[in-house]
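The primary structure of each chain is shown beneath.
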Amino acid sequence: MTRRTRSATAAASSTENVTLSTNERILRDCHSFYIDEDRGLIGIAQQLGLTLFAPKKKINVLLIGNHSAGKSSFINWYVGEHVQKTGVAMETQGFTFVTSGKKRESLTGNATLHLYPHFDELRKHRGVVEYLTTEISTSKENKFSLVTFVDTPGLVDGDMIYAFNVDDTILWLGDVADLIFVFFDPIGQALCKRTLNIVEKLNSKHPDRIRFYLSKADTAGTESDRQRVMMQIVQELCKRPGLNKAAFEMPTIYIPTLTGKTAKCENQLENTAKEISKAIDQMIQTTLNALEKDCQAIASLAQKKKEKDQADRAFNWKARFRGLVFYSLAFFFPLMLLLSLLTSGVGIVEMLGYEQGKEVAEQLQNFIEGLFGLVPERYQVGFLVCQAALCVLLFLLGRCVSKTRPTLSKRSKRSLEEIRDYVEDIGKRKKALYKEYLEQSVGSEFVS
Ligand SMILES: Nc1nc2c(ncn2[C@@H]2O[C@H](COP(=O)(O)OP(=O)(O)OP(=O)(O)O)[C@@H](O)[C@H]2O)c(=O)[nH]1
Ligand SMILES: [Mg+2]
């Protein structure tokens, strides 16, 4: 990277820093710790045989409900922009991701899956990609910059034919969603069997993610009408064993700008924004905690690898020693034999005229002769064969016990130390990020 491009990137990132909220910056920093090209935690962990995943930068909010329940209108309200088409007709025919970005743009299915590779599994749901779009908005309204809404087609019973398996796709999206908003409107109520079936399944799998709302509550009529509608919905829900839960809550919501006359009932629309904020806070804490855990896991793996290398080195020393013992034993007898031949048969020592050597040679010869003398003459050939076999056996055993384990090069050891220092440094930066995050809610004087 040239100096000019580097300074341009730095300038761009500092301008970005100014426009980003603290939470966005925390999540962006955490994300970059993982995916950094040179020193990303994902790459480092991979070297150590550990698989890590980059943390999310946004939460996914899945919206489901009967046709015309007000799902798309709710997204438009939260985003503060008319991103999604709304109307009494079946407006949303496929799945739409509504997310924030630098430029207002609409993406097709394939581009959407490039943007969200973790949604790639949607390809397995036949027909979905053709009905998948992404709407990018520049809005900074509410906490939209940290949310991706997933708008779904309105659910209806009967002859309606979807171009894909809508039930399975929604169930799959429920698995990857952080929040699932279920909208029941006073007209559709909870009478759509398809909606109830899906909600029941989602609720059995992710009861903590589901939130029920009575949408378009302003159209419910008088207070007593609204209560009757509520009762009917709750009754329908309670018929299902999977939805028959205690402390059932269903805030009433409506979009103020869409009400004809002044609505008479209480609007708990802010509850939705609060739920989204809570889920974002949860995600930030989970991300920071995961960062700490992942750094610890990497440091401990690096340490273990170092300890293993030390143990391997100690093992190798022992193996070499064991090998030496066995090889010495294996070569002892043939060496004796050779020396005896050299000293007696050829008489090299005498030839060379070494007086002291001659003495040693004589002793050696006596020893060998003594050794052979122990064996009766008729067994001496057999004894020699046995000795040869023993020699081969000891040699093979020596090879076996002297096998060494591979050890780390100096460079690899240094790189392990660097990894440990690096994750320690990230740990410190994570502490600073946590502090920043907590300071937003409790103030700097309470955070140590
Ligand atoms: N009075 C009133 N009308 C609403 C409210 N929310 C939505 N609407 C209207 O209800 C109709 C349907 O709204 P949509 O947002 O398109 O509903 P949807 O659930 O996305 O519908 P599908 O995409 O067809 O499933 C539109 O005409 C909206 O203007 C509300 O809170 N109060
Ligand atoms: Mg819609």
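Now for a description of the structure that goes with this document. Sequence positions are assigned chain by chain, starting from 1 and proceeding in written order. Numbering of ligands from 1 and lettering of chains from A proceed in the order in which they are written. For this predicted model, a pLDDT threshold of at least 70 governs which residues receive local features, and a threshold of 80 or more governs which side-chain atom pairs are given and counted, while totals over whole chains, interfaces and linings are taken from all residues.

1. With respect to the overall build of the protein
What the protein contains, in helices and strands, is 13 helices and 7 strands. Buried means a residue has 20 or more other C-beta atoms within 10 Å of its own C-beta, exposed means 12 or fewer, and partly exposed covers the counts in between; C-beta atoms are placed from the backbone. A burial count over the protein gives 29% of its 448 residues as buried. In the protein, the share of contacts with a sequence separation of at least 24, taken over all contacts with a separation of at least 6, comes to 77%. Secondary structure elements are taken from DSSP: a helix is a run of H or I of four residues or more, a strand is a run of E of two residues or more, and numbering for both begins at the N terminus. In this description, any two residues whose backbone-derived C-beta atoms lie within 7 Å of each other are considered to be in contact.

2. Focus: the site of ligand 1
Using the backbone to place each C-beta atom, any residue with that atom within 6 Å of a molecule or strand is considered near it. In the region of ligand 1, 22 residues are neighbours, and Gly70, Ser72, Ser73, Thr92 and Gly154 sit closest. Sort the elements by how many residues they give to the shell around ligand 1 and helix H4 (residues 71-79) lands first, with 3 residues. Only Asp, Glu, Lys and Arg are considered charged in this grouping, and only Ala, Val, Leu, Ile, Met, Phe, Trp, Tyr, Cys and Pro are considered nonpolar; every other residue, Gly among them, is considered polar. Taken together, the residues that form the shell around ligand 1 break down as 6 nonpolar, 12 polar and 4 charged.

3. A word on unusual backbone geometry
The backbone of Ser68 sits at a positive phi, close to 70 degrees, despite the residue not being glycine. Among the structural elements, Ser68 can be located in the loop between strand E1 (59-65) and H4.

4. A word on the nonpolar core
To define a nonpolar core, we join buried Ala, Val, Leu, Ile, Met, Phe, Trp, Tyr and Cys residues through C-beta atoms within 7 Å and take the resulting set. If you look at the biggest cluster of nonpolar residues, it comprises 80 residues, and the most contacted ones within it are Val61, Leu63, Val150, Ile180, Val182 and Ile298. Counting residues per element, this core draws most heavily on helix H9 (residues 269-346), at 12 residues. Shared between two domains, this core takes at least three residues from each, and those domains are domain 1 (43-49 + 297-442) and domain 2 (59-267). Once residues lying within four places of it in the same chain are set aside, the contact partners of Leu63 are Lys71, Phe74, Ile75, Phe149, Val150, Asp151, Thr152, Phe181 and Phe183. In this document the domain limits rely on a domain assignment from an automatic tool or a database.

5. Concerning the packing of helix H6 (residues 166-176) against helix H7 (residues 193-205)
Between two packed helices, the angle of one axis relative to the other and the distance separating the axes together describe the packing. A fitted line through C-alpha atoms serves as each axis, taken over the contacting stretch for helices, and the angle formed by two N-to-C directions is quoted from 0 to 180°. Viewed as axis vectors pointing N to C, H6 and H7 meet at an angle of 30 degrees, and their least axial separation amounts to 10 Å. Taken together, the axes of H6 and H7 lie roughly parallel to each other. As H6 runs across H7, the sense of the crossing is right-handed. For the pair H6 and H7, contact is made by Asp167, Ile170, Leu171 and Gly174 and by Arg194, Asn197, Ile198, Lys201, Leu202 and Lys205, respectively. Among the residues making up the contact of H6 with H7, the classes are represented as 4 nonpolar, 2 polar and 4 charged. Relative orientations are named as follows: roughly parallel for angles under 35 degrees, roughly antiparallel for angles over 145 degrees, roughly perpendicular for angles from 65 to 115 degrees, and oblique for any other angle. Helix crossings get a hand from a simple test, with the near helix turned counterclockwise from the far one by less than a right angle marking a left-handed crossing and a clockwise turn marking a right-handed one.

6. Considerations on the sheet that holds strand E6 (residues 179-184)
In this description, strands pair whenever DSSP reports at least two bridges between them. Across the sheet, 7 strands lie side by side as E3-E4-E2-E5-E1-E6-E7; this open sheet has mixed pairing. A strand with exactly one partner marks an edge of an open sheet, and here the two such strands are strand E3 (105-107) and strand E7 (210-214). Put simply, the sheet's adjacent strands are angled 20 degrees from each other on average, direction ignored. With 3 bridges joining them, strand E2 (residues 95-100) and strand E5 (residues 147-151) adopt antiparallel strand pairing. Looking at E5, one finds that Val98 is bridged to Phe149. Packed on one face of the sheet, H6 meets E1, E2, E5 and E6 and runs near 150 degrees to E1.

7. With respect to helix H13 (residues 410-442)
Compared with the 48 Å implied by 1.5 Å per residue over 33 residues, the 48 Å span of H13 between its first and last C-alpha is a close match. Burial in H13 covers these residues: Leu416, Ile419, Val423, Ile426, Lys430, Leu433 and Tyr437. Expected helix span is computed as 1.5 Å times (number of residues minus one).

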